[in-house]
Amino acid sequence: MSKQASNPLLNLGYPFPFGEITPEHMVPAVKKLVQLCNQRLRAIAGSQQPRTFENTLGALDTLTREIDQAMTVIAHLKETASSPEIRAAHSQAEPLVIALHSRILLHTGLWKALQEFAASPDAAALSGPRRRYLNKTMAAFRRNGAALPLHKKRALRKIDLELGRVASAFSDNVLDSTNAYEWVVENEQELAGLPSSARSMARDAAAAKGITGWRFTLQAPSYEAIMKHLDDRSVRERFYRAYHSRASLPPFDNGVNIARIIELRRAKASLLGYADFAELVIEERMAKSGKAASEFLDRLRVQTGPAFQRENTELEEIAPHPVEAWDVLYYAEKLRKARFDLDEEALRPYFPLDRVVNGMFQIAGRLFGIRVEERTGVPAWHPSVRFYEIFDGKDLLGGFYTDWFPRENKRPGAWMDGMLTGSPVRDGFTPHLGLMCGNLTPPTGGRPALLTHRDVETVFHEFGHLLHHLLSRVELRSQSGTAVAWDFVELPSQIMENWCWEREALDLFAAHYETGDPLPEDLFQRMRKAQTFRAANQQMRQLSFGIMDLALHRSYDPARDGGILAYCRQVQQALSPAPLPEDFAMVNSFSHLFGSPVGYAAGYYSYKWAEVLDADAFKVFLKAGIFDATTGARFRSAILSRGDSEDPAQLYRDFAGRDPDTAALLERAGLLQTV
Ligand SMILES: [Zn+2]
């Protein structure tokens, strides 16, 4: 046998042979698979046969299957079991795969084949998911410039290149200006108000720099601790101003970069025949148009207004002076303590990881008619990784790995990933494969891993994404599981979090790890109340980001509106709980919008959009009973099993019998009674 034939990355089956994969396999496998894809591309483009679904779109759907699987494994090992060898292999392999994907979208022979097929009687007869795939594929090629004359194609490539360059300069400035600021304290009396956890974090930060005392920075944990707790108002003001004026002064000024990015995005949209950049981005999403997204945010803004005013008045009443921007978090924290004094840590003993996970499987079982079973002896990338399989009766739907604890060579955060997408075979589907990872507090000193309630929500959230992947019953790989519109993808994940707030569901898993006692009612009630504390302010903050985003990408006109900084400050001021200082320049460090060529640009509204979907869908469950199997089965058949095989708005209607209603979000946030 040749050396290649023994490369496990060339022949990935279910489950993956993690024990056999080494860094030496990675680059050769990717190179070999790039060749395979190139051959397939040539075969589609050069085919002399009459154009059929199978020899054009069907072939395109599976074109990159093997290389995507191999790359998923490589990226995954870099994230969870990193070593210098894996990182080196990854950085060699990744550009090859990126280049391949962009070559496919730019391939003139492929575009010609697709056009020929689109004009054929076969294509005219398509319906359902295959029709949708045809339409979306043609649109994706067009959005990439396939239908443009050569000189415009060149102009588009130039724009894309420059966008990448300027966005990366933007990110560098944010990083550099954030890191350029510090506050070092040698006298502990200056830290009055700060809790001990923040003090020890600052002490460690100082020690890491080889200095004595306490060091504070504009990194989120340090900054938030200052804004919430530090009694010294002048320091809070200094931090607030420094944070919100990042990347607005030389040598890290992003002013020119933002103006250029907006100009380039507008030029790109216009080259492709769109009215503005928001139309280009939102066309394929659930909102469908920039106008619909703007109206959605605006409606929520109006509905949130009265509660927002009330919350702001509450703060003014307890503050001994007019509330400035740097006082908001500080007095809000005082109010929160006075009202609930809920210590996150006190909940941990009731959430041992194994009980939480098993309770979650039980909930999913009752709702969706599935069974989760652990399978031992399956090779993985670390001894603490566990493997489970999901069955529907006797049918194996798929398997997934869980990897819950931090390690030095693992990236932070929590995430889900699909590794293998099952496809239809004669008597069903081949199994899907996926994973969930987290960085939860590991077991210590004889105690099991104990989670905060926020951790519990995270575990449920990622499991929702995983169910979307594993329960998929979609013919085409490109439409399977989580390959859905950005403003729809968080519905299956976010809806699962709701069960973490229901007594009946909590009773299935929340029990003291030593005594087995259920979560005390008093703790549960305080938890529920704290959930909606200052919900209007939280919501308005998200709305202000979304509204500013759409304003910049839809209506901002430099000739009419002047400089971007002043324009954004004005938009945000209307939605802010306190006056914004004259040096306020939040937009200059808004990486969601400007840190990459597209990113969340014209898409920040998606956060709220998805929240409406999950709150409204959960209301359907609340009405029928949170364990109602009929409602669960409908959620599975309309949403979880259908990926992107149908317009998400229709999928939602198939589940709920109507369109989503924003009232559910307001109700859950405790904001409805004031409307
Ligand atoms: Zn998510």
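For the structure itself, consult the block above.
Another aspect to go through is the overall build of the protein. Within the protein, the regular secondary structure consists of 29 helices and 9 strands. Here the C-alpha radius of gyration of the protein, 26 Å, is about what a compact globule of 675 residues would show, namely 26 Å. For the protein, the spread of C-alpha atoms along the principal axes amounts to about 80 × 65 × 55 Å. Taken across its 675 residues, the protein has 52% of its residues classed as buried. In the protein, of all internal contacts separated by at least 6 residues, the share reaching a separation of at least 24 is 73%. Surface summary for the protein: the accessible area is close to 29400 Å², and the carbon and sulfur share equals 52%. The centroid of the 80 positive side-chain charges in the protein is displaced by 5 Å from the centroid of its 83 negative side-chain charges.

The residue E333 is located in helix α15 (residues 328–339) in this model. The residues touching E333, leaving out its near neighbours within four places in the chain, are K228 and H229.

Further remarks concern empty space enclosed by the protein. Counted by the stated rule, this structure contains 1 cavity of 30 Å³ or more. Surrounding the largest cavity, I262, R265, R266, D276, F277, L552, H553 and R554 form its lining. Looking at the lining of the largest cavity residue by residue, the class counts come to 3 nonpolar, 1 polar and 4 charged.

With that out of the way, let us pick up the nonpolar core. If you look at the biggest cluster of nonpolar residues, it comprises 163 residues, and the most contacted ones within it are F216, F368, F400, F460, L467, W499 and L552. Ranked by residues supplied to this core, first place goes to helix α22 (residues 535–555) with 10 residues. Among residues more than four places away in sequence, those in contact with F368 are L467, L471, M496, G632, F635, R636 and L640.

Within the protein, the zinc ion binds to H461 (NE2), H465 (NE2) and E490 (OE); these donor distances fall in the range 2.1 to 2.2 Å. Positions of the donor residues of the zinc ion, expressed as sequence spacing, correspond to H-x3-H-x24-E. Remark: E490 occurs in the loop between α18 (453–470) and α19 (491–497) and H461 occurs in helix α18; sequence separation between them is 29 residues. Judged by its relative accessible area of 24%, E490 falls in the partly exposed class.

Attention now goes to the packing of aromatic side chains. Applying the stated criterion across every chain yields a total of 40 aromatic pairs. For the pair W183 and F216, a centre-to-centre distance of 5.5 Å together with 40° between the ring planes defines the contact as tilted. Here W183, found in strand β1 (residues 182–185), pairs with F216, found in strand β2 (residues 214–217); they are 33 residues apart in sequence, far enough to count as distant. Judged by relative accessible area, which is 9%, W183 ranks as buried. Using a relative accessible area of 2% as the deciding quantity, one classes F216 as buried. Linked through ring pairs, F368, W499, F618, F621, F635, Y652 and F655 together constitute an aromatic cluster. The cationic tip of R130 hangs over the ring face of F53; the distance from NZ or CZ to the ring centre is 4.0 Å. If you follow R366 out to its NZ or CZ, it ends over the ring of F627, 4.0 Å from the centre.

As a further point, take the pattern of salt bridges. Within the structure shown, the criterion is met by 49 salt bridges. Across the salt bridge formed by D614 and R668, the nearest N and O atoms sit 2.7 Å from each other. Of this pair, D614 sits in helix α26 (residues 606–624) while R668 is found in helix α29 (residues 663–668), placing the two residues 54 residues apart along the sequence. Measuring nitrogen to oxygen at the nearest pair gives 2.8 Å for the salt bridge that ties D616 to R658. Residue D616 is found in helix α26, and its partner R658 is found in the loop between α28 (648–656) and α29; the two are separated by 42 residues along the sequence. Residue D616 is classed as buried on the basis of its relative accessible area, which comes to 1%.

Sheet strands pair via backbone hydrogen bonds, and the direction of the pair is either parallel or antiparallel. If you walk across this open sheet you meet the 5 strands as β3-β4-β5-β9-β6, and the pairing is mixed. With partners counted over all chains shown, the strands left at the sheet margins are β3 (371–374) and β6 (415–420), one partner each. Along the sheet, successive strands turn relative to each other by an average axial angle of 25°, direction set aside. Alignment of β6 against strand β9 (residues 432–437), held across 5 bridges, turns out to be antiparallel. Residue pairing across strands places M416 opposite M436, the latter belonging to β9. The strands that helix α17 (residues 353–368) touches are β3, β4 (386–392), β5 (395–403) and β9; relative to β4, the one it contacts most, it runs at about 15°.

With their axes 10 Å apart at the nearest point, helix α14 (residues 290–318) and α26 run at an angle of 70° to one another. Classified by the interaxial angle, the pair formed by α14 and α26 is roughly perpendicular. In this structure, α14 contributes F296, L297 and L300 to the contact, and α26 contributes K608, W609 and V612.

With that settled, consider α14. Taking 1.5 Å of rise per residue, the 29 residues of α14 would be expected to cover 42 Å, and the 40 Å separating its terminal C-alpha atoms lies within 8% of that figure. Of all the bends in α14, the greatest, near 45°, is centred on G305, and the proline P306 appears no more than four residues after it.

Right, let's talk about the packing of α17 against helix α27 (residues 629–640) for a bit. Contact geometry for α17 and α27: axes closest at 6 Å, N-to-C directions at 90°. The orientation of α17 with respect to α27, classified from their angle, is roughly perpendicular. Residues R366, L367 and F368 of α17 form the contact with α27, whose participating residues are A629, G632, A633, F635, R636 and L640. Looking at the contact of α17 with α27 residue by residue, the class counts come to 6 nonpolar, 1 polar and 2 charged.

Taking 1.5 Å of rise per residue, 24 residues should cover 34 Å, and helix α1 (residues 23–46) covers 36 Å from first to last C-alpha, within 8% of that figure. For α1, the full list of buried residues reads H25, M26, V27, A29, V30, L33, V34, C37, L41 and I44. Along its buried surface, α1 packs onto α2 (54–62), α3 (65–80), α4 (84–106) and α5 (108–118).

As for its placement among the helices and strands, N588 is situated in the loop between α24 (564–573) and α25 (591–594). Sequence separation of N588 and L471 is 117 residues, and the distance between their C-alpha atoms is 42 Å.

Right, let's get into unusual backbone geometry. In this structure, P15 follows Y14 across a cis peptide bond, with omega equal to -20°. Among the structural elements, P15 can be located in the segment before α1. Here D341, not a glycine, exhibits a phi torsion of approximately 45°, which is positive. Its location among the elements puts D341 in the loop between α15 and α16 (344–347). Positive phi, normally seen in glycine, also occurs at R534, with a value near 50°. Tracing the sequence through the fold places R534 in the loop between α21 (521–531) and α22. Relative accessible area serves as the criterion here: at 9%, R534 is assigned to the buried category.

What counts, and at which threshold
Residues numbered from 1 in each chain as written. Predicted model: local features only at pLDDT ≥ 70, side-chain atom pairs only at ≥ 80, totals over all residues. Heavy atoms only, no water. Helix = DSSP H or I, 4+ residues; strand = E, 2+ residues; numbered from the N terminus. Rg over C-alpha atoms; globule rule 2.2 N^0.38 Å. Buried < 20%, exposed > 50% of the residue type's maximum accessible area, 1.4 Å probe, protein only. Contact = heavy atoms within 4.5 Å. Areas by Shrake-Rupley, 256 points an atom, 1.4 Å probe, with all protein chains shown as cover. Lys, Arg positive; Asp, Glu negative; His and termini not counted. Charge placed at Lys NZ, Arg CZ, Asp CG, Glu CD. 1 Å grid on protein atoms, 1.4 Å probe; cavity = no way out; pocket = protein on both sides within 12 Å on 5 of 7 lines; lining within 4 Å. Points joined across faces, edges and corners; volume = space filled by probe spheres on them. Nonpolar A, V, L, I, M, F, W, Y, C, P; charged D, E, K, R; others polar. Core = buried A, V, L, I, M, F, W, Y, C linked by side-chain atoms within 4.5 Å. Donors = N, O, S within 2.8 Å, 3.2 Å for Na, K, Ca; no water. Phe/Tyr/Trp six-rings, centres within 6.5 Å; stacked < 30°, edge-to-face > 60°. Lys NZ or Arg CZ within 6 Å of the ring centre and 35° of its normal. Salt bridge = Lys/Arg side-chain N within 4 Å of Asp/Glu carboxyl O. Pairing = 2+ DSSP bridges. Axes fitted to C-alpha atoms, helices over the stretch in contact; angles between N-to-C directions. Parallel < 35°, antiparallel > 145°, perpendicular 65-115°, else oblique. Expected span 1.5 Å × (residues − 1). Bend = angle between axes of the 7 residues up to and from the residue.

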